[in-house]
Amino acid sequence: MALGCGAGLAQTGPARQLRVVTTHLPPLVFENDNKRPGALRELLNELCKRTQMELKLGFVPWKRALFLATSMPATAIFPVTRLPERESRFRWLAPLYEEHYMFLAPRGGTFDLQHLDDMKSRRIALLRGAAQSAILQELGYRNIVEGNSIEEIHRYLLEGMADAAFGERDIIQSSLRSRSAQRAFQVSDPVRTTTAWLAGSLDFDEATVQGFQRAKAAMDADGTTHRILAKYKLA
């Protein structure tokens, strides 16, 4: 695990450390760009500053991140979609971002974005371990193809291993722009809106939870959240 910027809740000098795991999800989280680290990484940096925590950040595949945050003590994860089936698995530290989920399909392919109800037998690609799987199944899509990264999902579409992908709007648009592939693909309107959170393992105490939620509320009130999201054209 590449660690960069809190582990646990133990006291280590003047600042507590916060160990957080995530994965590369542009424009929300960039792994190898400290000058422009992503909107949610910047929100997390500010949250740690306000709660006087030292951030120790690790990048791993998303399914591994979920495993670590639910099996290792004093470990947080972001961005986690808050769904009913996940409610008891985490301590919910702070809401970060409104997610808008949509379909992506190659132009001229077999997936008709205008008739989504007729496409439920098609192969849909998404990130392994992501909450989108539960959302898709709720919507009636069962033929799911999982990939380990956004790059792998894009390859599935190009090589005909999937008919469409399902993901977060801004992540999809960023992926297409980075490949200059906007004309080769089309997207649906958002079909589900949820909230992405910073979440922690169940041993985070109530004082820590309340501290993060107060800090995030203050960031919302003083305009910091909007400023950071606007920097990435997400507000």
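As recorded in an unreviewed UniProt entry, the protein goes by Transporter substrate-binding domain-containing protein and comes from Duganella vulcania.

A separate point is the nonpolar core. Counting 63 residues, the largest nonpolar core has Leu18, Val20, Ile77, Phe78 and Leu198 as its most contacted members. Among the elements that make up this core, the one with the highest residue count is strand β6 (residues 91-106) (seven residues). Mapping this core onto the domain boundaries places at least three of its residues in each of domain 1 (16-98 + 195-231) and domain 2 (99-193). Apart from residues no more than four positions distant in its own chain, Val20 is found in contact with Leu44, Leu55, Lys56, Leu57, Gly58, Ala76, Ile77, Phe78 and Leu198. Listed in part, the 14 residues of the second largest apolar core include Phe103, Phe111, Leu113 and Ile135.

In this section: the pattern of salt bridges. Throughout the structure, instances matching the rule amount to 14 salt bridges. In this structure, Glu46 and Arg50 form a salt bridge, with 2.7 Å as the shortest nitrogen-oxygen distance. Here Glu46 pairs with Arg50, and both are found in helix α1 (residues 39-50), just four residues apart, close to one helical turn. Through salt bridges with shared partners, a single ionic network connects Glu46, Lys49, Arg50 and Asp222.

In total, this model carries six aromatic pairs according to the counting rule given. Judged by centre distance (5.8 Å) and plane angle (25 degrees), the rings of Tyr101 and Phe166 are stacked. Placement of the pair is Tyr101 in strand β6 and Phe166 in strand β9 (residues 164-168), with a sequence separation of 65 residues. With a centroid separation of 5.1 Å and an interplanar angle of 50 degrees, the aromatic rings of Phe103 and Tyr141 are classed as tilted. Of this pair, Phe103 sits in strand β6 while Tyr141 sits in the loop between α3 (132-139) and β8 (144-147), placing them 38 residues apart in sequence. The same class applies to Phe103 as to Tyr141, namely buried. Each member of the aromatic cluster is reached from another via a ring pair, and the members are Tyr101, Phe103, Phe111, Tyr141 and Phe166.

The next point concerns the packing of α1 against helix α6 (residues 206-221). Where α1 contacts α6, the axes come no closer than 9 Å and their chain directions differ by 115 degrees. Regarding α1 and α6, the two cross each other, and that crossing is right-handed. Only Phe212, Ala215, Lys216, Ala218 and Met219 of α6 make contact with α1, whose side of the interface consists of Leu43, Glu46, Leu47 and Arg50. Broken down by class, the residue content of the contact of α1 with α6 amounts to six nonpolar, no polar and three charged.

Reading guide: rules and limits
- Residues numbered from 1 in each chain as written.
- Predicted model: local features only at pLDDT ≥ 70, side-chain atom pairs only at ≥ 80, totals over all residues.
- Heavy atoms only, no water.
- Core = buried A, V, L, I, M, F, W, Y, C linked by side-chain atoms within 4.5 Å.
- Buried < 20%, exposed > 50% of the residue type's maximum accessible area, 1.4 Å probe, protein only.
- Helix = DSSP H or I, 4+ residues; strand = E, 2+ residues; numbered from the N terminus.
- Domains from an automatic or database assignment.
- Contact = heavy atoms within 4.5 Å.
- Salt bridge = Lys/Arg side-chain N within 4 Å of Asp/Glu carboxyl O.
- Phe/Tyr/Trp six-rings, centres within 6.5 Å; stacked < 30°, edge-to-face > 60°.
- Axes fitted to C-alpha atoms, helices over the stretch in contact; angles between N-to-C directions.
- Left-handed = near helix turned anticlockwise from the far one by under 90°.
- Nonpolar A, V, L, I, M, F, W, Y, C, P; charged D, E, K, R; others polar.

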